[in-house]
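# Coordinate analysis (summary)
Here is what each chain is made of, one letter per residue.
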Amino acid sequence: MVKSIVVVGGGAAGWITAGLLAAKYIRGAEASVSVTLVESENIGIIGVGEGTWPTMVDTLRKMGIEEVEFIRNCDATFKQASKFRRWTTGEEDDSYYHPFSLPQGFEEVSLAAEWRDNHRGTPFATAVGLQADLCDRKCAPKQVSSPEYASVENHGYHLDAGKFTKFLTAHCRGKLGVKHILADVVSVNTAENGDILSLTTQQGDEITGDLFIDCSGSAGLLIDKHYQVPFLSQKDVLFIDSALAVQVPYEHPDAEIESATLSTAQTAGWIWDIGLSSRRGVGHVFSSRHISDAEATEQLKDYLRPDVPDVEVLSFRKLSFQPGYRAKFWVNNCVAVGMSAGFIEPLEASALVMVELAANTISQHLPASRAAMDVVAKKYNETFLFRWQRVIDFLKLHYVLSRRRDSAFWRDNQKAESIPESLQDLLTLWRHQSPSNNGFLSPYDLFPAASYQYILYGMGFRTHPNPLESMPHLTAAARTQMDKVKERKVKVLPRLPGNRELINGLCRPAAAVELNLVKTTSGSWRRVAPDDVDQMANHYPLFFRRDSVTAQFECIALVGLAQDETLIEAPEIPVTGGEGETSGITLSPQEETLLEPVKLDIAFSDKSTLLITGLHVVNREKLSGLSARNRRRRTALFQTMQASLQHVSALIEMRNRQLMS
Ligand SMILES: Cc1cc2nc3c(=O)[nH]c(=O)nc-3n(C[C@H](O)[C@H](O)[C@H](O)COP(=O)(O)OP(=O)(O)OC[C@H]3O[C@@H](n4cnc5c(N)ncnc54)[C@H](O)[C@@H]3O)c2cc1C
């Protein structure tokens with residue numbers, strides 16, 4: 001059985017993998033598996049990679065990370081889409097979105113035929129959902145008072161790659177029990193069957209393990225230097241192999257933040273533009289076969305000039321990479337994850353999601369014996385080879401659909417020999433039927449059918465009318481969904497804050513939210529039933545109060561702070577409790593010791609005041625001192641409640657705004 005896992009490399013890949021494995025297998029004193037991460041202090045991390053997928057929500061949650069802590073520490077913002085500019089015609093007004101949310105009602109009916117027949121004047125993403133409008137307005141996907149990780153539309157993040165790695169290091173070491181060794185691995189010691197027995201470091205340590213995960217980045221220390229697994233270059237399909245990265249300050253600290261990664265096509269590549277809370281991360285990725293470094297730098301400077309008058313003061317960092325991936329990722333007792341497994345241009349930010357998928361797959365199928373490991377390795381390799389090929393098809397699709405012919409780069413991208421046969425087949429198929437989840441796509445496909453629709457129709461691809469997609473009942477269902485899109489836009493759009501406003505609200509120091517609250521008139525609180533925690537937290541701040549009859553602490557939702565305290569699209573709020581009723585959530589005596597009283601003393605802008613006493617919150621420090629088992633029992637509830645004071649503050653702001661208007 002695998003009892004000790006050694007991760008080599010402390011970049012994002014290493015820490016995500018170590019963190020996900022530790023979160024699952026290290027349980028305090030009951031630890032069944034140990035996770036050790038060894039990284040060199042002399043070899044830095046790649047330090048780029050600032051866009052994630054919505055999968056990151058689950059990854060952070062699995063590791064027990066609080067969203068607001070992550071946002072504060074990593075300068076993170078909410079990413080909802082990629083916006084492609086000048087990809088189709090190259091003109092100034094040429095742009096389209098690939099949003100993270102599926103088209104409205106996608107699981108029930110495809111809107112592609114209805115859009116083509118009756119809504120073609122509106123861009124596809126704008127017609128079938130509200131996220132494109134959200135991005136146009138630089139809106140957040142949630143309100144300040146929303147529970148952590150919840151949002152109205154799917155979101156990933158933009159993050160500072162350097163800070164993210166440091167944040168994960170502290171979390172994995174401090175909270176998840178990952179053993180951290182700073183040392184340079186210099187040699188690999190093997191058994192007769194080729195398995196790795198141990199690693200020797202320059203500092204003289206020998207690190208033994210049962211499973212070795214190679215997260216050593218482009219060094220490929222184990223998968224390449226030791227096992228010499230061939231690298232399958234993709235440079236003849238996707239030409240981009242170079243990058244220039246630069247950090248750009250905002251004009252002022254409260255500048256608006258984009259909701260999407262902006263990707264603006266150039267003559268031999270494209271420029272990414274990512275808005276963090278503290279700065280923008282911008283870079284030009286390009287094909288060194290089609291443009292020189294000097295020309296690429298000039299294009300990047302031209303892009304930046306309108307916002308940064310003196311671009312010469314900025315420092316540009318050059319990176320080179322080989323586009324491609326390994327012929328195998330798992331060999332003997334070694335798996336390559338992250339840049340050591342492969343890398344293709346970051347057009348759809350698919351690198352970190354591949355790391356997350358790899359770490360989850362390893363965690364889910366951690367071999368129970370050495371005999372099982374070879375089978376797991378075989379399946380793993382098949383799955384991930386397929387995934388890489390599908391990523392390549394999806395990225396190449398952006399180039400194949402382009403109508404740009406203004407440079408050799410775009411013309412070369414059109415050459416049939418550069419287009420994988422699998423993609424050519426799909427394009428033929430899509431001429432006659434829209435991509436659908438029930439079609440050819442495999443559950444292992446990285447991109448859902450909706451993503452293919454967004455790119456195809458965003459770039460002007462035409463699927464011929466197909467009677468099977470336009471049957472009356474399907475058309476009626478599609479029209480119903482299109483009407484829902486319109487309704488949601490009216491209802492939701494005006495109620496979401498801007499990205500900057502949300503980030504400021506979330507990052508406001510806790511002290512500024514100090515309030516005194518406890519009003520005990522009837523109707524001011526509702527008892528929360530165990531099944532209703534998430535839904536109630538969506539609407540109201542949650543606290544504990546001591547029941548006057550049973551003398552037990554119970555979870556309650558504070559009601560009535562603002563006229564309009566319900567979050568978007570919330571269904572009817574269950575009124576599960578009031579004085580005297582039972583069926584709530586009560587605490588054990590040990591859990592009660594975690595509570596501390598809060599008194600909310602609120603002054604509204606119309607000079608009215610509200611004093612609410614008798615409420616309790618969970619003390620954060622005491623919570624981290626609780627035994628792992630007890631903490632686990634209540635983690636979700638306690639973590640949700642950490643946002644309660646901020647939620648109160650957001651409701652007061654809401655009420656004050658209502659009073660002002
Ligand atoms: C231009 C560019 C833009 C990108 N944008 C995105 C994006 O938007 N979204 C996205 O998902 N991904 C993006 N990526 C990819 C992303 O940056 C990486 O996938 C991610 O950072 C993971 O890198 P890594 O951990 O595999 O490697 P690295 O960060 O390079 O880490 C390697 C680690 O191995 C250690 N190491 C190496 N040799 C030894 C040794 N001998 N002994 C001990 N330790 C050793 C190093 O110390 C380091 O800790 C981008 C990449 C590039 C090049």
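Notes on the structure in this doc start here. (Residues numbered from 1 in each chain as written. Predicted model: local features only at pLDDT ≥ 70, side-chain atom pairs only at ≥ 80, totals over all residues.)

### A look at the overall build of the protein
Each helix and strand counted, the protein has 21 helices and 26 strands in total. For 661 residues, the compact-globule formula gives about 26 Å, and the C-alpha radius of gyration of the protein, at 26 Å, lands near that figure. C-alpha atoms of the protein, sized along the principal axes, occupy 75 × 65 × 55 Å. Burial status across the protein gives 45% buried among its 661 residues. Within the protein, counting contacts between residues at least 6 apart in sequence, those at least 24 apart form 78% of the total. (Helix = DSSP H or I, 4+ residues; strand = E, 2+ residues; numbered from the N terminus. Rg over C-alpha atoms; globule rule 2.2 N^0.38 Å. Buried ≥ 20, exposed ≤ 12 C-beta atoms within 10 Å, placed from the backbone. Contact = placed C-beta atoms within 7 Å.)

### Points about the nonpolar core
Residues Val8, Ala22, Val337 and Val355 are the most contacted members of the largest nonpolar core, which totals 175 residues. Ranked by residues supplied to this core, first place goes to helix H1 (residues 12-25) with ten residues. Discounting residues that sit within four places of it in the chain, valine 337 has contacts with Ala13, Thr17, Ile213, Cys215, Val355, Ala358 and Ala359. (Core = buried A, V, L, I, M, F, W, Y, C linked by C-beta atoms within 7 Å.)

### Looking at the pairing of strand E15 (residues 269-275)
Counting buried residues in E15 gives seven out of seven residues, a clear majority hidden from the surface. Of the two faces of E15, the one holding Gly269, Ile271, Asp273 and Gly275 and the one holding Trp270, Trp272 and Ile274 are both buried throughout. Where strand E14 (residues 260-265) and E15 come together, four bridges link them in antiparallel fashion. What sits directly across from leucine 262, in E15, is aspartate 273. As consecutive antiparallel partners, E14 and E15 are separated by three residues. Taken together, the seven bridges between E15 and strand E16 (residues 280-286) define a ladder with antiparallel strand orientation. Within E16, the residue paired with isoleucine 271 across the bridge is histidine 284. (Pairing = 2+ DSSP bridges.)

### Quick word on the site of the ligand
Close contacts around the ligand come from 37 residues, with Gly9, Gly11, Gly49, Gly217 and Gly338 the closest. When residues in the shell around the ligand are grouped by element, the largest group, three residues, is from H1. (Near = placed C-beta within 6 Å.)

### As for the sheet that holds strand E20 (residues 334-336)
The strand order across the open sheet built from six strands is E7-E2-E1-E11-E20-E19, with neighbouring strands paired in mixed fashion. Each end of this open sheet is capped by a strand with a single partner; those strands are strand E7 (179-182) and strand E19 (330-331). As paired strands, strand E11 (residues 211-214) and E20 are joined by three bridges and run parallel to one another. Within E20, the residue paired with phenylalanine 212 across the bridge is cysteine 334. Where H1 meets the sheet, its contacts fall on strand E1 (4-8), strand E2 (34-39) and E11, and the angle it forms with E2 comes to roughly 170 degrees. (Axes fitted to C-alpha atoms, helices over the stretch in contact; angles between N-to-C directions.)

### Overview of the environment of arginine 404
If you trace the backbone, arginine 404 turns up in the loop between helix H11 (370-400) and helix H12 (408-414). Looking at arginine 404, the number of C-beta atoms within 10 Å reads 20, which means it is buried. Note: C-alpha distance between arginine 404 and tryptophan 87 (317 residues apart in sequence) is 7.4 Å. With residues up to four places along the chain from it excluded, the contact list for arginine 404 reads Thr89, Gly90, Ala265 and Trp410.

### Describing the sheet that holds E14
Here seven strands make up an open sheet; going across it, the order is E5-E4-E14-E15-E16-E13-E17 and the pairing mixed. The strands lining the two open edges of the sheet, one partner per strand, are strand E5 (95-99) and strand E17 (317-320). Neighbour-to-neighbour, the strand axes of this sheet turn through a mean angle of 20 degrees, independent of strand direction. Direction of pairing for strand E13 (residues 242-248) relative to E17: antiparallel, over a ladder of four bridges. Across the sheet, alanine 243 pairs through a bridge with leucine 319, a residue of E17.

### A word on helix H2 (residues 55-62)
Of all the positions in H2, only Met56, Thr59 and Leu60 are classed as buried. Taken down its axis, H2 places every buried residue within 95 degrees of arc, on the same side. Among the structural elements, H1, helix H3 (67-74), strand E6 (156-158) and helix H10 (350-364) are those in contact with the buried residues of H2. Residue glycine 64 follows H2 closely and has a positive phi angle near 75 degrees. (Arc of directions from axis to C-beta.)

### Overview of the environment of aspartate 117
Structurally, aspartate 117 can be placed in helix H4 (residues 112-118). Here aspartate 117 falls in the partly exposed class, since 13 other C-beta atoms lie within 10 Å of it.

### Observations concerning the pairing of strand E4 (residues 81-85)
The element E4 is extensively covered by neighbouring structure, given that four of its five residues are classed as buried. Judged from the five bridges that link them, E4 and E5 form a sheet pairing that is antiparallel. In the strand pairing of E5, phenylalanine 84 is matched with tyrosine 96. The sheet contact formed by E4 and E14 spans five bridges and is parallel. By the bridge assignment for E14, lysine 83 is matched with leucine 262.

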